[in-house]
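Structure assessment
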Amino acid sequence: GYMPGRVNFSARSAPGVSVLAYLRGLDLPPGEGAFGLGHDQASGGSLPPDRWNALLERMGFPPTVGVKL
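Summary of the structure given here. Everything numeric here is computed off the predicted structure, so don't read it as measured data.

**Description of the environment of proline 30**
In this structure, proline 30 sits in the loop between helix 1 (19-24) and strand 2 (34-39). The sequence separation of proline 30 and arginine 51 amounts to 21 residues, and the corresponding C-alpha distance is 9.4 Å.

Pasting the structure below:
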């Protein structure tokens, strides 16, 4: 309900591990929304549900974890 039609998320990592490098390395095709901004230990984004599901897939999550479209 924060932003209708969007999935807003945040991610953190341990010191010495760059969450930015991880997210940017997932090679999600261009599209609506933004993610992978912030600093090495904290990032996040705002994506439409279909791109969120694609991001989860690139991260290795099973399809059952994503937003039901």
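Having seen the structure, we can now continue with the description.
**Notes on unusual backbone geometry**
Although it is not a glycine, aspartate 27 sits at a positive phi angle of roughly 55 degrees. Here aspartate 27 is to be found in the loop between helix 1 and strand 2.

**Topic: the packing of aromatic side chains**
Under the definition given, this model contains one aromatic pair. Aromatic pair phenylalanine 9 and tryptophan 52: ring centres 5.1 Å apart, planes at 45 degrees, arrangement tilted. Here the residue phenylalanine 9 occupies a position in strand 1 (residues 7-12), and tryptophan 52 occupies one in helix 2 (residues 49-59), the gap between them amounting to 43 residues. Here phenylalanine 9 and tryptophan 52 have matching classes, each one buried.

**Brief notes about the nonpolar core**
If you look at the biggest cluster of nonpolar residues, it comprises 11 residues: Val7, Phe9, Val19, Leu23, Leu26, Leu28, Phe35, Leu47, Trp52, Leu55 and Leu56. At the level of secondary structure, the elements contributing two or more residues to this core comprise strand 1, helix 1 and helix 2. Per-element accounting of this core gives the leading share, three residues, to helix 2. Setting aside chain neighbours within four positions, we find valine 7 in contact with Gly45, Ser46, Leu47, Pro49, Trp52 and Val67.

Rules used throughout
Residues numbered from 1 in each chain as written. Predicted model: local features only at pLDDT ≥ 70, side-chain atom pairs only at ≥ 80, totals over all residues. Heavy atoms only, no water. Helix = DSSP H or I, 4+ residues; strand = E, 2+ residues; numbered from the N terminus. Phe/Tyr/Trp six-rings, centres within 6.5 Å; stacked < 30°, edge-to-face > 60°. Buried < 20%, exposed > 50% of the residue type's maximum accessible area, 1.4 Å probe, protein only. Core = buried A, V, L, I, M, F, W, Y, C linked by side-chain atoms within 4.5 Å. Contact = heavy atoms within 4.5 Å.

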